[in-house]
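Commentary on secondary and tertiary structure
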Amino acid sequence: MKCDRCGSTMVHEQFYGDQERFWGWRCIICGEIVDDLILENRRWLKMRVVPANDKTRVSSPGRHRNS
Ligand SMILES: [Zn+2]
């Protein structure tokens, strides 16, 4: 797995969301995170097909806290 941003190695890790845990890829260099679901979506995008029932989780993972 290569990072789309910097082309470095990405590691498969388990992430913790608000309600769920999921697996994704994290770049060890720039910190880019790619959810497995995002990869699925990208596959669909390449096929130019939008799954109608796959819009529940499209935002990028991670916690954004504004203090
Ligand atoms: Zn990267």
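Bear in mind the structure is a predicted one, so any value in this text is a computation, not a measurement. The residue numbering used here restarts from 1 in each chain and proceeds along that chain's sequence as written. In view of the model being predicted, local features appear only for residues whose pLDDT reaches at least 70, and side-chain atom pairs are presented and counted only at 80 or more, with totals across whole chains, interfaces and linings using the full set of residues. Each side-chain value is worked out from all heavy atoms of the structure, with water and hydrogens disregarded.

1. Things to note about the side chain of E32
In plain terms, the rule: Helix and strand definitions follow DSSP, with helices as H or I runs of at least four residues and strands as E runs of at least two, each counted in order from the N terminus. Note on contacts: a residue pair is in contact if any heavy atoms of the two residues lie within 4.5 Å.
Mapped onto the fold, E32 is located in the loop between β2 (21–27) and β3 (33–35). Setting aside residues no more than four positions away along its own chain, E32 makes contact with C3, R5, M10, W25, R26 and C27.

2. With respect to the pattern of salt bridges
Definition in use: Salt bridge, as applied in this entry: a Lys or Arg side-chain nitrogen positioned within 4 Å of an Asp or Glu carboxyl oxygen. Accessible area is worked out with a 1.4 Å probe on protein chains only. A residue is then buried under 20% of its type maximum, exposed over 50%, and partly exposed in between.
Following the criterion strictly, the structure yields two salt bridges and no others. A salt bridge links R5 to E32, with the shortest nitrogen-to-oxygen separation between them at 3.0 Å. Residue R5 is found in the segment before β1 (10–16), and its partner E32 is found in the loop between β2 and β3; the two are separated by 27 residues along the sequence. The exposure class of R5 is exposed, given its relative accessible area of 62%. Residue class for E32 comes out buried when judged on its relative accessible area of 13%. E13 is the salt-bridge partner of R26, the closest N and O atoms lying 2.9 Å from each other. In this pair, R26 sits in strand β2 while E13 sits in strand β1, placing the two residues 13 residues apart along the sequence.

3. A look at the coordination of the zinc ion
Cut-off, in case you're wondering: Only nitrogen, oxygen and sulfur atoms count as donors, using a 2.8 Å cut-off from the metal that widens to 3.2 Å for Na, K and Ca. Water is left out, so coordination shells may look unfilled.
With distances of 2.3 Å, the protein atoms coordinating the zinc ion are C3 (SG), C6 (SG), C27 (SG) and C30 (SG). For the zinc ion, the donor residues sit on a single chain with the sequence spacing C-x2-C-x20-C-x2-C. Here C3 is found in the segment before β1, whereas its partner C27 is found in strand β2, with 24 residues between them in sequence. Taking relative accessible area as the criterion, C3 reaches 5% and is therefore assigned buried. Of the residues examined, C27 reaches a relative accessible area of 0% and is grouped as buried.

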